[in-house]
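# Survey of secondary and tertiary structure
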Amino acid sequence: GGKRPPPAHHTDHSVRGGLEDHHHHYLIMAKVGEGDARWIVSDRQDGTNVNQWHWQETDVLLWCQHKVNKEVLCPANNIKLREHFSSSSSSARSNSDQFIVELMEAKTTGEAYINTRKGKLIAGYELKVVLPFKAKRKKDEVMCEGTMEFPYVGDENADEDVEMEVRVATGTERALGDAAKQEILRVHRPKLVEEMNAFVEVLSKGGPALEKGATPQSVAKAAQTEKPAPAAKQEDPKREAKEKPKAAEGTKTIEFKEEFYCRPRDLYECYMDQGRVMAYTRSECRIVPVAGEPFTMFGGAITGVQVELVPEKRIVQRWRSSSWPEGVTSLVTMTFEEPSEGRTVLKLTQTGIPEEDAYGNANAAEVALQGWRQQIWGRVRQCFGYGC
């Protein structure tokens, strides 16, 4: 009637990683990297996603930014938009039009990706587009500034017209601002929404791959080879990135601090455990938590080398984006502190970021910061419930 004693050949109850069968015999599991080589699954270059069996995700945010900012909402490159706004400043318009509206360069933020598998394609995106404008009243040439905003361009609303809002700058005379806002919504909103709807249709059907007349399987290659035209450098006064003075000639540094409800060990493993990284990035990666080992993330879009690893305390990496000029690498340093039990503060500094990417866009530092906050640590919060 008493409890059955454990088998004589195994009396250590502290062993972890084992399973107990219905006869109470312990089945000891091999540690990672140990065991018969015939049964160990290894990475093979010739066996990567054979016949497109696995879903493959491609980040197309850079393509979206170029497409919207430089083409769709840019009158200089969009002849339909240019003709529309040119006619608004001429006598061809109704005399009821009170303003001449000039568009500035748009800013697109958020995330966008294309998943492909065996000929099937699924687009996922959540974008916010802000289009600054200047409106000059015809009768007295008084100027009004503001933004036309598409606050949520998401895949769940792909079959609906894109929502557009108009905001005037703080301090604008109320009568002037209201008149400009009403006229933009009445005269210009239909055309802008039409152009954005066309962009959404292209994105939802494959984005860069569709434009090139390719099959869904070539999305990744098309996105990587897309080369936007060089853009003039612009400083964004509302940039979220906290940029320090240049660490070296021609480079920039970003730094930020994030707080999580978890232990430092949990957060450290979210970045150093390959299974966890694949879970929240939803893409292929190679993570080996050993100094000197190379790593890849987002299907090769991010590559680098582990420089220094102090479990639960510190991570230092050589890090580069595939969109940067050839041979350019940065240095990433992350520290994990626990000011109180169950609360972890992550501090990240990245030095050596190029001023421009390989396509001439002068926003490499801002793109890097958005990537850390949204594509990595933002997804960690959502996936593992560590949000503060």
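Look up: the structure comes first, before these words.
Glancing now at the pattern of salt bridges. Within the structure shown, the criterion is met by 19 salt bridges. In this structure, E337 engages K347 in a salt bridge whose closest nitrogen and oxygen atoms are separated by 3.8 Å. Separated by 10 residues along the polypeptide, E337 in strand 14 (residues 330-340) and K347 in strand 15 (residues 343-354) bring together distant segments of the chain. Overall, E337 belongs to the partly exposed group, its relative accessible area being 39%. It is possible to trace a salt-bridge network through shared partners that takes in E149, E165 and R167.

By the definition in use, this model includes 1 cavity of 30 Å³ or more. Counted as a void, the largest cavity has a volume near 40 Å³. Lining the largest cavity we find E57, D59, E111, A112, Y113, F298, Q375 and R379. Where the lining of the largest cavity is concerned, the elements lending two or more residues are strand 3 (56-59), strand 5 (107-117) and helix 8 (364-384). It is strand 5 that provides the largest number of residues to the lining of the largest cavity, a total of 3 residues. Residue composition of the lining of the largest cavity, grouped by class: 3 nonpolar, 1 polar and 4 charged.

What follows deals with helix 7 (residues 274-281). What helix 7 keeps buried is the set V277, Y280 and T281. Take helix 7 and look down its axis: the buried residues cluster within an arc of 95°, on one side only. Close packing links the buried residues of helix 7 with strand 3, helix 6 (264-272), strand 11 (294-297) and helix 8. Where helix 7 begins, one side-chain oxygen reaches toward the backbone nitrogen of G275, 3.2 Å away; that side chain belongs to D273.

Definitions and cut-offs
Residues numbered from 1 in each chain as written. Predicted model: local features only at pLDDT ≥ 70, side-chain atom pairs only at ≥ 80, totals over all residues. Heavy atoms only, no water. Salt bridge = Lys/Arg side-chain N within 4 Å of Asp/Glu carboxyl O. Helix = DSSP H or I, 4+ residues; strand = E, 2+ residues; numbered from the N terminus. Buried < 20%, exposed > 50% of the residue type's maximum accessible area, 1.4 Å probe, protein only. 1 Å grid on protein atoms, 1.4 Å probe; cavity = no way out; pocket = protein on both sides within 12 Å on 5 of 7 lines; lining within 4 Å. Points joined across faces, edges and corners; volume = space filled by probe spheres on them. Nonpolar A, V, L, I, M, F, W, Y, C, P; charged D, E, K, R; others polar. Arc of directions from axis to C-beta. Contact = heavy atoms within 4.5 Å. Polar contact = N/O pair within 3.5 Å; in protein donor to acceptor, adjacent residues only side chain to side chain.

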